[in-house]
Amino acid sequence: DTGAADTGADTGATDTGVADTEAAQSRIVRCELLNVTHLVAQLADVSLSATSVAIGVHACNAASLELLNAARAAGSAWAVMPCCIPEKLYMPNTAVTHLPDDLRYAATVGAIAQRFEASKVTCVDRRITNRHLLVFGEPDGPQPSCGECA
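Read on for a plain summary of the structure. All values derive from a computational prediction rather than experimental measurement.

1. Examining the overall build of the protein
Thinking step 1. When its secondary structure is counted, the protein shows 4 helices and 5 strands.
Thinking step 2. Taking all 150 residues of the protein together, the buried fraction comes to 37%.
Thinking step 3. Taking as baseline every contact in the protein between residues at least 6 positions apart, the subset at least 24 positions apart corresponds to 62%.
Thinking step 4. Here the protein has roughly 8,700 Å² of accessible surface; of this, 57% comes from carbon and sulfur atoms.

Right under this line is the structure:
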């Protein structure tokens, strides 16, 4: 899935079905998340801004890269949990050979974190998914301190 949530009422996108979209919209209303919109769209059709948070969960192949490039271009914060990662997308000059799948995945996620200057790398419980690493990035430029966020 790929998505975008905006702290200033922009858009979000996922590749979920109608039932998931209805559930997400219901949760948005129930939780009074007035600055969040959920929609089903192609990533290229989603407009991000500096107040957006772009999120990709199990965005396969080039989908994570597209999301990261779009977030960087918009100056958006971002988070990805990459899934199927062709290492040549992130390490075009590096041969990754003779590694077990979990080590290849970790190395490639590390390359993503380095390339996009991630602010944090963490994980969810491996029992949830074997593609369990999360990478977070902050928008470009100085960030306000808590006292300035009024």
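2. Some points on the state of the cysteines
Thinking step 1. Scanning all chains against the criterion turns up 0 disulfides.
Thinking step 2. No disulfide involves Cys60; its nearest neighbouring cysteine sulfur is the one of Cys84, lying 3.6 Å away.
Thinking step 3. With relative accessibility at 34%, the residue Cys60 sits in the partly exposed group.
Thinking step 4. Free of any disulfide, Cys83 has its nearest cysteine sulfur in Cys84, 3.7 Å distant.

3. What to know about the pattern of salt bridges
Thinking step 1. Inspection of the entire model under this criterion finds 4 salt bridges.
Thinking step 2. A salt bridge links Asp101 to Arg104; its shortest N-O distance comes to 4.0 Å. Linking Asp101 with Arg104, this pair stays in helix α4 (residues 101-115), spanning 3 residues, or about one helical turn.
Thinking step 3. Since its relative accessible area comes to 16%, Arg104 is described here as buried.
Thinking step 4. Residues joined by salt bridges that share partners form a network here, namely Glu87, Asp101, Arg104 and Arg131.

4. A look at helix α2 (residues 63-74)
Thinking step 1. Taking 1.5 Å of rise per residue, 12 residues should cover 16 Å, and α2 covers 17 Å from first to last C-alpha, within 8% of that figure.
Thinking step 2. Looking at the residues trailing α2, positive phi occurs at Gly75, about 75°.

5. Details of the environment of Arg115
Thinking step 1. Tracing the backbone shows Arg115 in helix α4.
Thinking step 2. For Arg115, a relative accessible area of 34% puts it in the partly exposed group.
Thinking step 3. Those residues within four positions of Arg115 in sequence are excluded, and the remaining contacts are Leu65, Arg72, Leu89 and Tyr90.

The rules we used
Residues numbered from 1 in each chain as written. Predicted model: local features only at pLDDT ≥ 70, side-chain atom pairs only at ≥ 80, totals over all residues. Heavy atoms only, no water. Helix = DSSP H or I, 4+ residues; strand = E, 2+ residues; numbered from the N terminus. Buried < 20%, exposed > 50% of the residue type's maximum accessible area, 1.4 Å probe, protein only. Contact = heavy atoms within 4.5 Å. Areas by Shrake-Rupley, 256 points an atom, 1.4 Å probe, with all protein chains shown as cover. Disulfide = S-S within 2.5 Å. Salt bridge = Lys/Arg side-chain N within 4 Å of Asp/Glu carboxyl O. Expected span 1.5 Å × (residues − 1).

Coordinates in, geometry out; function isn't part of it.
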